[in-house]
Amino acid sequence: MGDLPDRISLREVGPRDGLQNEAPVPTDDKVELIDALSRTGVSRIEAVSFVHPKAIPQMADADEVWRRAEKADDVRYSALVPNLRGALRALDAGFTEIEVVVSASDTHNRKNVNRSTEESLDDIARLIAEAHERGATVQAIVSTAWGCPYEGDIPTERVVSVASRAVADGADAVSFGDTTGMATPARVTRLVGEFRSRNPETPLNLHFHNTRGTGLANVYAALQLGVDDFDASVGGLGGCPYAPGASGNIASEELVHMLEDMGIATGVDLDALIEVAARAERMVGHKLPSQVLRAGPRTRLTPA
C-alpha cells in the first residue's frame, strides 16, 4: 500500500448514467442539471450517451441536450457510446472525449448491445482508429468488472484480458465499472493490482455502485493503491437498465465529503454540490439515496 493521493479527479456521471435509469426527464431539466453541475467546481462531466432511442429512450434527446448546454471553459465533457455508430454521432456533435462500454460478461454484453464481448472489442478497435483520426480520445469502460447479475463472478483474468485488448488496440484509458455493486475492497485490490501489472502506464478510472453498501469502502481500497480517478453521480442517481437490482452510483457529494475530510482535494464546492443534488431530487420526483444530501456535511450543526 502506498501513500494516499493528494488530489483526485472526479467525473460527474449523473446527467448520463444517473438519468438513463429514471423515467424520461424533460430536455430543459437535463440542460439545467449539466449547467448547474458545471458551476460546482467539478472538472469533468459525462454529459450524454449516444445510443439507439429504442434501447435507452431517456437519452433520445442527446444531440439537443448537448447543443443547448453551456460549455464551461474549465470543465471537460465526455459522451458515452456503445459502438462505432454512436461514436460517429458523438464526434459529429463535437465531443473530443469518448467513452465506449464493453462488458466483461458475455451475457450482459449481449443484453446491453446485442453482441458478444469479442464482437464489441472488434468494433471498439475500429472506433478507436476513427476517433484518433478525428483528434478525440477514447476510454474503454469494462462493465461487470466485479461480477455479473446473470453469470455471477467474472474471473479477474477475463476482466484484465478484455481491458488489455482495448489498450492494445489504442484505448487512451480504461475504466472498470461495478455495474451491480458486486465489488468489495479485497476484490478491488486484486483487480487493480493485476491490471496494473500488465498495463502500468494506462490511466485508470473506477466506477462504483453502492448497491450493497460498499461503494465508499471500495474507493478507500483503491486510494490505498494510488488510484486517483473516480466516477460519481449527484445525489446517487443511477443504476443499469440491463442489470436487475442495480441501485445508484456512489453519490458525488458523499465522495467529496469523505475525501475532503481526509485531506484529499477534489476541487468541488460541497455546499454547491448538495444544492444541485436537492435540485436533482426534485427533478426526478423521488427520494435519492445520498445520506449527505439528507444529513448535510459533518460540520452542519443543529441549534441546541
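Just so you know, these numbers come straight off a predicted model, no measurement behind them.

Draft legend 1. The pairing of strand E3 (residues 76-81), seen in detail. The element E3 is extensively covered by neighbouring structure, given that 5 of its 6 residues are classed as buried. With 5 bridges connecting them, strand E2 (residues 44-49) and E3 associate as parallel partners. Its bridge partner being in E3, Arg-44 is matched across the sheet by Arg-76. Crossover E2 to E3 through helix H3 (residues 62-68) is right-handed. Relative to strand E4 (residues 97-103), E3 runs parallel, the two being bridged by 3 bridges. Following the sheet pairing, Leu-80 is matched in E4 by Glu-99.

Draft legend 2. Molecular detail of unusual backbone geometry. Non-glycine residue Asn-114 carries a positive phi angle of around 60°. Relative accessible area serves as the criterion here: at 68%, Asn-114 is assigned to the exposed category. With a phi angle near 50°, Thr-144 is a residue other than glycine that sits in the positive phi range. With respect to the helices and strands, the residue Thr-144 is situated in the loop between strand E5 (137-143) and helix H7 (156-168).

Draft legend 3. Layout of the sheet that holds E5. The parallel closed barrel is built from 8 strands, whose spatial order is E1-E2-E3-E4-E5-E6-E7-E8. The average angle at which neighbouring strand axes cross in this sheet is 25°, direction not considered. In the sheet, strand E7 (residues 204-207) pairs with strand E8 (residues 229-232) via 2 bridges, with the strands oriented parallel. Within E8, the residue paired with Leu-206 across the bridge is Phe-230. Relative to E2, helix H2 (residues 27-38) is tilted by about 165°, and along the sheet it contacts strand E1 (9-12), E2 and E3.

Draft legend 4. Structural detail: the packing of helix H6 (residues 117-133) against H7. Two elements in contact, H6 and H7, have axes whose closest approach is 9 Å; the angle formed by their N-to-C orientations is 25°. It follows that H6 is roughly parallel to H7 by the angle criterion. Here H6 runs over H7; the crossing is right-handed. Mapping the contact onto sequence places Thr-117, Glu-118, Leu-121, Asp-122, Ala-125 and Ile-128 in H6 and Arg-158, Val-162, Arg-165 and Ala-166 in H7. Broken down by class, the residue content of the contact of H6 with H7 amounts to 5 nonpolar, 1 polar and 4 charged.

Draft legend 5. Structural view of the pattern of salt bridges. If you walk through the whole model with that rule in mind, you get 23 salt bridges. We note a salt bridge from Asp-63 to Arg-89, for which the minimum N-O separation is 3.0 Å. Here Arg-89 lies in helix H4 (residues 84-93) and Asp-63 lies in helix H3, a separation of 26 residues in the sequence. Classification of Asp-63 as partly exposed rests on a relative accessible area of 39%. Relative accessible area serves as the criterion here: at 28%, Arg-89 is assigned to the partly exposed category. Among the ionic contacts, a cluster of salt bridges with common partners joins Glu-118, Asp-122, Arg-165 and Asp-169.

About the criteria used
- Residues numbered from 1 in each chain as written.
- Predicted model: local features only at pLDDT ≥ 70, side-chain atom pairs only at ≥ 80, totals over all residues.
- Heavy atoms only, no water.
- Buried < 20%, exposed > 50% of the residue type's maximum accessible area, 1.4 Å probe, protein only.
- Helix = DSSP H or I, 4+ residues; strand = E, 2+ residues; numbered from the N terminus.
- Pairing = 2+ DSSP bridges.
- Right-handed = clockwise from strand over helix to strand, strands pointing away.
- Axes fitted to C-alpha atoms, helices over the stretch in contact; angles between N-to-C directions.
- Contact = heavy atoms within 4.5 Å.
- Parallel < 35°, antiparallel > 145°, perpendicular 65-115°, else oblique.
- Left-handed = near helix turned anticlockwise from the far one by under 90°.
- Nonpolar A, V, L, I, M, F, W, Y, C, P; charged D, E, K, R; others polar.
- Salt bridge = Lys/Arg side-chain N within 4 Å of Asp/Glu carboxyl O.

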